[in-house]
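Topology and contacts: notes
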Amino acid sequence: METRDLRSHKWVIPSLRGPWVQIPPPALTPPPQSYVCADKLEECKRGTAYKYQNLFSFVSKLLYQESADQLLSEFTQVRKRTMQLFKPLRIEDAVMQSDSFGSPANWHIAHVTWFFQKILEKHGATLESESSSSSGFNLKYLNSYYQQFGKILPKQERGKFPRPTVKQTLDYRSFIDKEVNKFLKESWPTTTTSENANAMTQQLEYDIILGMQHEMQHQELMVYDFQHFFERFPDPSDNYEPLIINEPPKESQIQRISSKMVEIPGGIFEVGYNGNAFCYDNELPEHKVYLQRFKMDVAPVTNGEYMKFIEGGGYDDYRYWLADGWELVKEQQWNAPLYWVQEEDNVWKKKDFRGLRRIDPDEPVVNVSYYEADAYARWAGKRLPTESEWEKAASWNDELQRKTLYPWGDHEPTPKLANLLESYLWAPSKVGAYPEGKSYYGCHQMIGDVWEWTSSEYVLYPGFRSKFSEYTDKWTINQKVLRGGCFATPIAQIRNTYRNYFKPHERILFAGFRCARDII
């Protein structure tokens, strides 16, 4: 009997805690043989089988209930973290949309709730009266881009229609939370059932986990929006104030990186997810590609390195830029990464979650577009890696002769290994801050800190099969793939095979890059 550990997202043999694990098999003590006739013996055997069957049913019920409880526990944790991010906002801040790239925070927390409602409806849930929750506003305001669910409010219009109100949203979240708990407890099987019923349960489990992963994606998007919204106010104290802020790694913990690039062998490499846990459908199926040997930067490009590109006239020379990128440089007067401001003394500063600060030259550069990353790489005599090259540099372990789930191995990230949302640092860490998190080839900080642009177009893998229509499948045009996560990415979201994708001009996401070079 197997059940799923949803915290680690691995299939495990459950360890039942409780006195029932020591219940011995029911013993049969037949009467003396001389008094047992054939009919009585068969009846006794049937009674024993019935007792065994009852015991198996009892244990099965416990195992299935444990699986359902774990799913609900994970659901509750995700929902609480969203509200932890939302809580510091004033109502006026919660309903504003500072850019068409993002959305009001109130819309985010309502939309992810609407997504769970759609999952419940998909699986036939009958929702109780919504008189106190969603009946006072139009649910169509919350449809992001799903044509299957009807009318869509254009993204750029979300801030113009601040509905539901914040109070309605909070009531709506509470209502759907109760409905999800109720539905899972009532519909989750308590024993082995038919093959068809088991398939339905697996689909329900996948959809609930997808809903949680979807909400985690919006947690990260909210942090992007907080940065963009509050940066517009010049007063450093007028800022988003997280409930939890931790100190970054100490200087004594930071490893000075002497080597700039490392060689990655070529050959056949299998790209994509190959585990048994949750992944998005666009990470599947694992398939073979051929790679030429190449060199990869051991660390993301830093602010200090990027400053040299600026000082060297990088934003003034069309020769480094793709045509569309050069048009944007001229039209929008780009001369530095987003949020950078140069003071009269030529010092670059930026307002972020830590306040108004000088740009740290040792931190990875962040909030740059694909065009800027590509221009820097050309200026430096390098190029951006493909996503397959990136994945091999992050995941292949030559000693184990297999890929690992993370650069350092298969165990989940911790604050000692990577800078992700649960580190609560609210900014990239200095290069070399996580030496224990480097890959087999010695590449640092491939998970966390900043998303890394690759040169790959976002396309679906050969043999792709959609698991949730319109989620990942309809965006395969004019998007570039990013890998690795950032300081706002939840731990449960990221792995080496995770594929993010954005348009090449977008800068609001927390994206940086590292370079590659051909070996001729």
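Residues numbered from 1 in each chain as written. Predicted model: local features only at pLDDT ≥ 70, side-chain atom pairs only at ≥ 80, totals over all residues. Heavy atoms only, no water.

1. Describing the overall build of the chain
Counting secondary structure elements, the chain contains nine helices and 16 strands. When each of the 520 residues of the chain is scored for burial, the buried share is 52%. Considering only intrachain contacts with a sequence separation of at least 6, the fraction spanning at least 24 residues in the chain is 78%. Total accessible area computed for the chain in this model is approximately 24700 Å², and 51% of it derives from carbon and sulfur atoms. (Helix = DSSP H or I, 4+ residues; strand = E, 2+ residues; numbered from the N terminus. Buried < 20%, exposed > 50% of the residue type's maximum accessible area, 1.4 Å probe, protein only. Contact = heavy atoms within 4.5 Å. Areas by Shrake-Rupley, 256 points an atom, 1.4 Å probe, with all protein chains shown as cover.)

2. Comments concerning unusual backbone geometry
Backbone torsion omega between Arg163 and Pro164 reads 0 degrees, so that peptide bond is classified as cis. Looking at the element boundaries, Pro164 is found in the loop between helix H3 (105-122) and helix H4 (166-187). With an omega of -10 degrees, the peptide bond between Leu284 and Pro285 qualifies as cis. Counting through the fold element by element, Pro285 comes out in the loop between strand E4 (267-271) and strand E5 (287-291). A positive phi angle, near 55 degrees, is found at Gln333, a position not held by glycine. Checked against the element boundaries, Gln333 lands in the loop between helix H7 (323-332) and strand E7 (341-342). Here Gln333 falls in the exposed class, since its relative accessible area comes to 67%. Its identity as a non-glycine residue notwithstanding, Asp449 has a phi of 70 degrees, on the positive side. Among the secondary structure elements, Asp449 is positioned in the loop between strand E11 (402-403) and strand E12 (451-457). Asp449 sits in the buried class, given a relative accessible area of 0%.

3. What to know about the environment of Leu338
In this structure, Leu338 sits in the loop between H7 and E7. Each residue touching Leu338, except ones within four places of it in the same chain, is listed here: Lys350, Asn367, Arg507 and Ile508.

4. Focus: the pattern of salt bridges
Two side chains that carry opposite charge are able to pair once their charged atoms sit near each other. Summed over all chains, the structure comprises 35 salt bridges. For the salt bridge of Lys403 with Glu391, the shortest nitrogen-to-oxygen distance reads 3.1 Å. Here the residue Lys403 occupies a position in strand E11, and Glu391 occupies one in helix H9 (residues 387-395), the gap between them amounting to twelve residues. You'll find Lys403 and Glu391 in the same group, each marked buried. (Salt bridge = Lys/Arg side-chain N within 4 Å of Asp/Glu carboxyl O.)

5. Some words on the nonpolar core
Among the nonpolar cores identified, the biggest contains 105 residues, and Tyr224, Tyr306, Trp321, Trp453, Phe510 and Phe513 are the most heavily contacted of them. Looking at this core, the elements that each hand over two or more residues are helix H1 (38-86), H3, H4, helix H5 (195-231), helix H6 (303-311), H7, helix H8 (370-379) and E12. Residue contacts for Tyr306: discarding those within four places in its chain leaves Val301, Tyr315, Pro337, Val365, Val368, Glu372, Tyr376 and Phe513. Listed in part, the 20 residues of the second largest apolar core include Leu291, Met296, Ala393 and Ala516. (Core = buried A, V, L, I, M, F, W, Y, C linked by side-chain atoms within 4.5 Å.)

6. Topic: the confidence of the model for the chain
Chain-level pLDDT for the chain is 88 on average; 85% of the residues reach the 70-or-more range. Throughout residues 1-38 the model reports pLDDT below 50, and contacts reaching past four residues in sequence, or to other chains, amount to 66 contacts. In this model residues 48-63 is a low-confidence stretch, pLDDT under 50, and it forms 22 contacts with partners more than four residues away in sequence or in other chains. (pLDDT = per-residue confidence, 0-100.)

7. Overview of H6
Those residues of H6 that fall on the buried side of the exposure criterion are Asn303, Gly304, Tyr306, Met307, Phe309 and Ile310. Buried positions along H6 lie against strand E8 (348-352) and H8.

8. Quick notes on the sheet that holds strand E15 (residues 511-512)
Strand order in the open sheet made by the four strands is E14-E13-E12-E15, with mixed pairing throughout. Edge strands, defined here as strands with exactly one partner in the open sheet, are strand E14 (500-502) and E15. Sheet contacts for H9: E12 and strand E13 (480-483); angle to E12, the most-contacted strand, approximately 135 degrees. (Pairing = 2+ DSSP bridges. Axes fitted to C-alpha atoms, helices over the stretch in contact; angles between N-to-C directions.)

9. Quick look at empty space enclosed by the protein
Where empty space is left in the structure can be found by rolling a water-sized probe over the atoms. Taken as a whole, this structure holds five cavities of 30 Å³ or more when the rule is applied. The volume enclosed by the largest cavity comes to roughly 120 Å³. Around the largest cavity, the lining is made up of 16 residues, and of these Met96, Ser98, Ser103, Asp225 and Phe229 lie nearest the centre. Of the residues belonging to the lining of the largest cavity, the class tally is eight nonpolar, five polar and three charged. Within this model, the second largest cavity holds a volume of roughly 100 Å³. (1 Å grid on protein atoms, 1.4 Å probe; cavity = no way out; pocket = protein on both sides within 12 Å on 5 of 7 lines; lining within 4 Å. Points joined across faces, edges and corners; volume = space filled by probe spheres on them. Nonpolar A, V, L, I, M, F, W, Y, C, P; charged D, E, K, R; others polar.)

10. Things to note about the packing of aromatic side chains
Across all of its chains, the model carries 48 aromatic pairs by this definition. Between Tyr306 and Tyr376 the ring centres are 5.8 Å apart and the planes differ by 15 degrees, which places this aromatic pair in the stacked class. Within this pair, whereas Tyr306 is found in helix H6, its partner Tyr376 is found in helix H8, the two being separated by 70 residues in sequence. On the basis of relative accessibility, which here comes to 7%, the residue Tyr376 falls in the buried class. A centroid spacing of 6.5 Å and a plane angle of 65 degrees characterise the contact between Tyr318 and Trp326, whose relative ring orientation is edge-to-face. (Phe/Tyr/Trp six-rings, centres within 6.5 Å; stacked < 30°, edge-to-face > 60°.)

11. Section: the pairing of E8
Taken across its five residues, E8 has four buried, putting it largely inside the fold. Judged from the two bridges that link them, E7 and E8 form a sheet pairing that is antiparallel. In the strand pairing of E8, Val341 is matched with Lys349. Where E7 folds back on E8, the antiparallel hairpin that results is connected by five residues, among which Asn346 adopts a positive phi of roughly 65 degrees. In this sheet, strand E9 (residues 355-358) lies alongside E8 in antiparallel orientation, the contact comprising four bridges.

12. Description of the sheet that holds strand E16 (residues 516-518)
Strand order in the open sheet formed by three strands is E3-E6-E16, and the pairing between neighbours is antiparallel. The strands lining the two open edges of the sheet, one partner per strand, are strand E3 (261-264) and E16. Within this sheet the neighbouring strands show an average axis-to-axis angle of 25 degrees, counted without direction. Taken together, the four bridges between E3 and strand E6 (residues 294-297) define a ladder with antiparallel strand orientation. What sits directly across from Val262, in E6, is Met296. Its contacts with the sheet place H9 against E3 and E6, and it is angled at close to 70 degrees to E6.

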